[in-house]
Amino acid sequence: MNEWQKLVDELINELGGYWKPFEMLAALTEEVGELANAMLAHEGIKGSHGKGELEEELGDVLFALLCIANYYGINAEEALKVSVAKYRARDVKSGGSKTK
């Protein structure tokens, strides 16, 4: 477990423990929706907000993800390394990434 996962784990345990898996999934879904709204506002599509709200919502999504990783005993850093390798291999085959 990396440093951030440990900090999240300590806080969650101070607050009474982890929610049930589908409650955590619902929380993650809610946070992703809030991130989407912040992105729309940041891009001027729906309202307008500064980068601070976007950063806050991204942090909330990361927090929710780390809660899920901790619950299942998954090292998020290792999971991310595997994903980066997967995307790298796939994008080399397809000729490039579709992200900025």
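No experiment lies behind these values; they were computed from the predicted model shown.

Basis of the calculations
Residues numbered from 1 in each chain as written. Predicted model: local features only at pLDDT ≥ 70, side-chain atom pairs only at ≥ 80, totals over all residues. Heavy atoms only, no water. Helix = DSSP H or I, 4+ residues; strand = E, 2+ residues; numbered from the N terminus. Buried < 20%, exposed > 50% of the residue type's maximum accessible area, 1.4 Å probe, protein only. Lys, Arg positive; Asp, Glu negative; His and termini not counted. Salt bridge = Lys/Arg side-chain N within 4 Å of Asp/Glu carboxyl O. Contact = heavy atoms within 4.5 Å. Core = buried A, V, L, I, M, F, W, Y, C linked by side-chain atoms within 4.5 Å. Expected span 1.5 Å × (residues − 1). Polar contact = N/O pair within 3.5 Å; in protein donor to acceptor, adjacent residues only side chain to side chain. 1 Å grid on protein atoms, 1.4 Å probe; cavity = no way out; pocket = protein on both sides within 12 Å on 5 of 7 lines; lining within 4 Å. Points joined across faces, edges and corners; volume = space filled by probe spheres on them.

Student: Please explain the side chain of Glu57 as it appears in this structure.
Tutor: For Glu57, the position within the fold is in helix H3 (residues 51-72). Buried within the structure, Glu57 lacks any salt-bridge partner; its nearest side chain of opposite charge belongs to Lys46, at an N-O separation of 12 Å. When residues no more than four places from it in sequence are discounted, the contact partners of Glu57 are Glu31, Glu34, Leu35 and Ala38.

Student: Would you mind going over the nonpolar core with me for this structure?
Tutor: What tends to happen in soluble globular proteins is that the nonpolar side chains get buried as a cluster. Counting five residues, the largest nonpolar core is built from Val8, Ile12, Met24, Leu66 and Cys67. Only helix H1 (3-14) and H3 provide two or more residues apiece to this core. With near-sequence residues (within four places) excluded, Ile12 lies in contact with Gly17, Tyr18, Phe63 and Cys67.

Student: Can you walk me through helix H4 (residues 76-94) in this structure?
Tutor: Each α-helix winds once per 3.6 residues, and so residues spaced three or four apart point in a common direction. For H4, spanning 19 residues, the distance from its first C-alpha to its last is 27 Å, which sits close to the expected 27 Å at 1.5 Å a residue. Residue Asn75 occupies the N-cap position of H4, its side-chain oxygen lying 2.9 Å from the main-chain nitrogen of Glu77.

Student: Even after reading the chapter, I still don't get the layout of surface pockets, so can you show me in this structure?
Tutor: Empty space among the atoms can be located by rolling a probe the size of a water molecule over them. Put simply, the largest pocket is a space of about 440 Å³. Around the largest pocket, the lining comprises 13 residues; the ones closest to its centre are Leu62, Leu65, Leu66, Ala76 and Glu77. Sorting the residues of the lining of the largest pocket by element identifies H3 and H4 as the ones contributing at least two each. In this model, the second largest pocket occupies a volume close to 300 Å³. At the level of secondary structure, the elements contributing two or more residues to the lining of the second largest pocket comprise helix H2 (21-42) and H3.

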